[in-house]
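Spelled out from the first residue to the last, the chains are:
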Amino acid sequence: MTRAVLFDFSGTLFRLEGHDSWFDGITVDEQAVQGHVKAELMRRVTAPTGSSVPMNAEQQHNWANRDLEPHLHREAYLHVLRESGLTGADAAALYPKLVDPASWTPYPDTAAALNGLRANGIKTAVVSNIAFDLRPALAAAGTGVDEYVLSFEVGAVKPDPAIFRTALDRLGVDAADALMVGDSEEADGGARALGCAFALVDPLPTAQRPDGLISALRTHGLAV
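Residues numbered from 1 in each chain as written. Predicted model: local features only at pLDDT ≥ 70, side-chain atom pairs only at ≥ 80, totals over all residues. Heavy atoms only, no water.

Per an unreviewed UniProt entry, the protein goes by the name Haloacid dehalogenase and belongs to Mycolicibacterium bacteremicum.

Okay, here's the thing in structure tokens:
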């Protein structure tokens, strides 16, 4: 019996989609940012695993540990943006938008899924590889969870079993009674090593995924 559901944040509950206004006056390789260039930039800064630009040893260290320390996160993403063709000044102007909770768009069924679970007595947690406090994003969407297990606060990143264990311990449930929902087999699917069930969702644009969370929950016997 499922007693708790753990959720990833980026690409699962919310998506960083980027407003056109963010790119006003910003160029990539001295050219104005067009639709496909914007899409590629957003892909590079939201991909849950892997890296997309060349890195030396120090830069690779920053990237590998970006979700543990905010200052490493900033250095890692400034490098990605500069290697993607932005000037240093443009990269520095764009970066704060990436880590502003107000910049993130909830999926259409995020609030319904979270509020519905809690109304049914199912415990919930966000388990995220992230370097900033995402709590305001959920509050602005009219929802929340019982526990926030954020990598930069707990010192572990998915798929390390430690971050999932922290969430389970805080919720007071066994792994066999928990479901992890996320968009990455590699990162979020790590919960299966502890015995959690896992549901994969597609990190589509929010307008193209109206009920992905509710469908995933229903597949595992949870109606909201």
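Here the narrative resumes, following the displayed structure.
Participant: Help me understand the pattern of salt bridges in this model?
Facilitator: Throughout the structure, instances matching the rule amount to 11 salt bridges. The partner of Asp8 in a salt bridge is Lys158, with the nearest N and O atoms 2.8 Å apart. Of this pair, Asp8 sits in the loop between strand E1 (4–7) and strand E2 (14–15) while Lys158 sits in the loop between helix H7 (151–154) and helix H8 (161–171), and the two are 150 residues apart along the sequence. For Arg118, the salt bridge is made with Asp146, and the minimal N-O distance between the two is 3.6 Å. Highlighted residues: Arg118 in helix H5 (residues 110–119) and Asp146 in the loop between helix H6 (135–140) and strand E7 (147–150), separated in sequence by 28 residues. (Salt bridge = Lys/Arg side-chain N within 4 Å of Asp/Glu carboxyl O. Helix = DSSP H or I, 4+ residues; strand = E, 2+ residues; numbered from the N terminus.)

Participant: What is the right way to look at the side chain of Asp67 in this model?
Facilitator: Residue position: Asp67 is located in the loop between helix H2 (57–64) and helix H3 (70–83). When near neighbours in sequence (up to four residues on either side) are disregarded, Asp67 contacts His73, Asn129, Ile130, Ala131, Ser151, Phe152 and Val157. (Contact = heavy atoms within 4.5 Å.)

Participant: In this structure, what is going on with the pairing of strand E8 (residues 178–182)? I would like to understand it.
Facilitator: Each regular strand displays side chains that alternate between the two surfaces of the sheet. Of all five residues making up E8, five are buried, and the element is well covered by its neighbours. Of the two faces of E8, the one holding Ala178, Met180 and Gly182 and the one holding Leu179 and Val181 are both buried throughout. Taken together, the four bridges between E1 and E8 define a ladder with parallel strand orientation. Residue pairing in the sheet places Val5 in a bridge with Leu179 of E8. Here four bridges tie E8 to strand E9 (residues 197–200), and the two strands are oriented parallel to one another. Looking at the pairing, Leu179 lines up with Ala197 of E9. (Buried < 20%, exposed > 50% of the residue type's maximum accessible area, 1.4 Å probe, protein only. Pairing = 2+ DSSP bridges.)

Participant: What is the right way to look at the packing of H2 against H3 in this model?
Facilitator: For any two helices packed against each other, the geometry is given by the interaxial angle and the distance between the axes. Put simply, H2 and H3 touch, their axes get as near as 8 Å, and they point 120° apart. It follows that H2 is oblique to H3 by the angle criterion. Every pair of crossing elements has a handedness; the one defined by H2 and H3 is left-handed. Counted together, Gln59, His61, Asn62 and Trp63 of H2 and Leu72, Glu75, Ala76, Tyr77, His79 and Val80 of H3 form the full contact between these two elements. Residues belonging to the contact of H2 with H3 are distributed by class as follows: five nonpolar, four polar and one charged. (Axes fitted to C-alpha atoms, helices over the stretch in contact; angles between N-to-C directions. Parallel < 35°, antiparallel > 145°, perpendicular 65-115°, else oblique. Left-handed = near helix turned anticlockwise from the far one by under 90°. Nonpolar A, V, L, I, M, F, W, Y, C, P; charged D, E, K, R; others polar.)

Participant: Help me out: how do you make sense of the domain arrangement of the protein in this one?
Facilitator: Note on interface size: it is often stated as the accessible area lost on association of the parts. Parsing the protein into structural domains produces domain 1 (4–15 + 104–220) and domain 2 (16–103). With centres defined by C-alpha atoms, the gap from domain 1 to domain 2 works out at 24 Å. In this complex, domain 1 contributes 23 residues to the contact, which on the side of domain 2 involves 16 residues. For the domain 1 and domain 2 pair, buried surface summed over both sides reaches about 1,500 Å², with 56% attributable to carbon and sulfur atoms. Together, Trp104, Ala131 and Phe132 form the three largest contributors to the area buried by domain 1 at its contact with domain 2, with a combined 38%. For the interface between domain 1 and domain 2, the tally reads one salt bridge. Applying the counting criterion to the domain 1 and domain 2 interface returns seven residue pairs in polar contact (both at pLDDT 80 or more). Looking at the side of domain 1 that touches domain 2, the elements with two or more residues in it are E2, H6 and H7. (Domains from an automatic or database assignment. Buried area = accessible area lost by both parts, 1.4 Å probe. Polar contact = N/O pair within 3.5 Å; in protein donor to acceptor, adjacent residues only side chain to side chain.)

Participant: Quick question: what am I supposed to make of the environment of Ile26 here?
Facilitator: Relative to the helices and strands, Ile26 is located in the loop between E2 and strand E3 (27–28). The exposure class of Ile26 is buried, given its relative accessible area of 6%. Sequence separation between Ile26 and Thr87 is 61 residues, and the spatial gap between their C-alpha atoms is 8.4 Å.

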